[in-house]
Amino acid sequence: MTVSAPRPPRFLPFAVTGAVVGFLIGALLAATNVFTDPDPLVPSDYSWTAGVGYLGFLGAGLCALLGVLLALLLDRRADRG
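Keep in mind it's a predicted model, so treat the numbers as computed, not measured.

Calculation notes
Counting from 1, residues in each chain are numbered in the order their sequence is written. In keeping with the model being predicted, local features are shown solely for residues with a pLDDT of at least 70 and side-chain atom pairs are shown and tallied solely at 80 or more, while totals for entire chains, interfaces and linings include all residues. The side-chain values count all of the structure's non-hydrogen atoms but skip hydrogen atoms and water molecules. We count a stretch as a helix when DSSP gives it H or I for four or more residues in a row; a strand needs E for two or more, and each element gets its number in order from the N terminus. Here's how the labels work: a residue is buried when its accessible area is under 20% of the maximum for its type, exposed when over 50%, partly exposed in between, all with a 1.4 Å probe on protein chains only. Working definition of accessibility: Shrake-Rupley area with a 1.4 Å probe, residue cover restricted to the visible protein chains. Exposure above 30% relative accessible area and the absence of a salt bridge qualify a residue for a patch, where like charges join within 9 Å and nonpolar side chains (Val, Leu, Ile, Met, Phe, Trp, Tyr) within 5 Å. A pairing counts as a salt bridge when a side-chain nitrogen of Lys or Arg comes within 4 Å of a carboxyl oxygen of Asp or Glu. Two rings from Phe, Tyr or Trp (for Trp, the six-membered ring) form a pair when their centres are within 6.5 Å of each other. A pair whose planes differ by under 30 degrees is stacked, one over 60 is edge-to-face, and the rest are tilted. Multiplying 1.5 Å by the helix residue count minus one yields the expected span of that helix. By definition, the arc is the one covered by directions from the helix axis to the C-beta atoms.

In this section: the overall build of the protein. What the protein contains, in helices and strands, is two helices and zero strands. Here the protein, with 81 residues, has 21% of them falling under the buried criterion. Accessible surface for the protein amounts to roughly 6,600 Å². Of this, 70% is attributable to carbon and sulfur atoms.

Here the focus is a nonpolar patch on the surface. Side chains of Phe11, Leu65, Leu66, Leu69 and Leu72 sit close together on the surface and give an oily, nonpolar patch of about 440 Å² of accessible area. The greatest single-element share of the nonpolar patch, amounting to four residues, is contributed by helix α2 (residues 48-80). Topologically, Leu66 is positioned in helix α2. Assessed through its relative accessible area of 54%, Leu66 is described here as exposed.

According to the stated counting rule, one finds one aromatic pair in the structure shown. Centre to centre, the rings of Phe23 and Phe57 are 5.4 Å apart; their planes meet at 65°, and the pair counts as edge-to-face. On the criterion of sequence distance, the pair formed by Phe23 in helix α1 (residues 11-31) and Phe57 in helix α2 is long-range, its members being 34 residues apart. Among the residues examined, Phe23 registers a relative accessible area of 28% and is labelled partly exposed. The exposure class of Phe57 is exposed, given its relative accessible area of 61%.

Attention now moves to α1. One turn of the α-helix equals 3.6 residues, which is why residues spaced by three or four share an orientation. Taking 1.5 Å per residue as the helical rise, α1 with its 21 residues ought to reach 30 Å, and the 30 Å between its terminal C-alpha atoms agrees with that figure. Among the residues making up α1, those that are buried are Ala15, Gly18, Gly22, Gly26, Ala27 and Ala30. End-on view of α1: buried residues confined to an arc of 160°, all on one side of the axis. Residues of α1 that are exposed and point more than 90 degrees away from the buried face comprise Leu24 and Leu28. In the stretch just after α1, Asn33 is the one whose phi turns positive, near 60°.

Below, the discussion takes up the environment of Leu24. Tracing the chain through its elements places Leu24 in helix α1. The spacing of Leu24 and Leu55 is 31 residues in sequence and 9.3 Å in space, taken between C-alpha atoms.

Following this line, the structure appears as structure tokens:
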């Protein structure tokens, strides 16, 4: 019986999963009006769909970066073994 080295992680699935999760979190935060201005005298120029887009894509980018960093950590750990 031979023991093979562990397979290194593939980075694209980590990045895509992070992006999808980040978009959903950002969209949920925007849709629930967590970041709305409590001052009713200042009107907002953005619709809620624009907020979903902005926060969704911001969350997608940040979480994709975190997913790639996680893959890098797993890759470094596999190299030590």
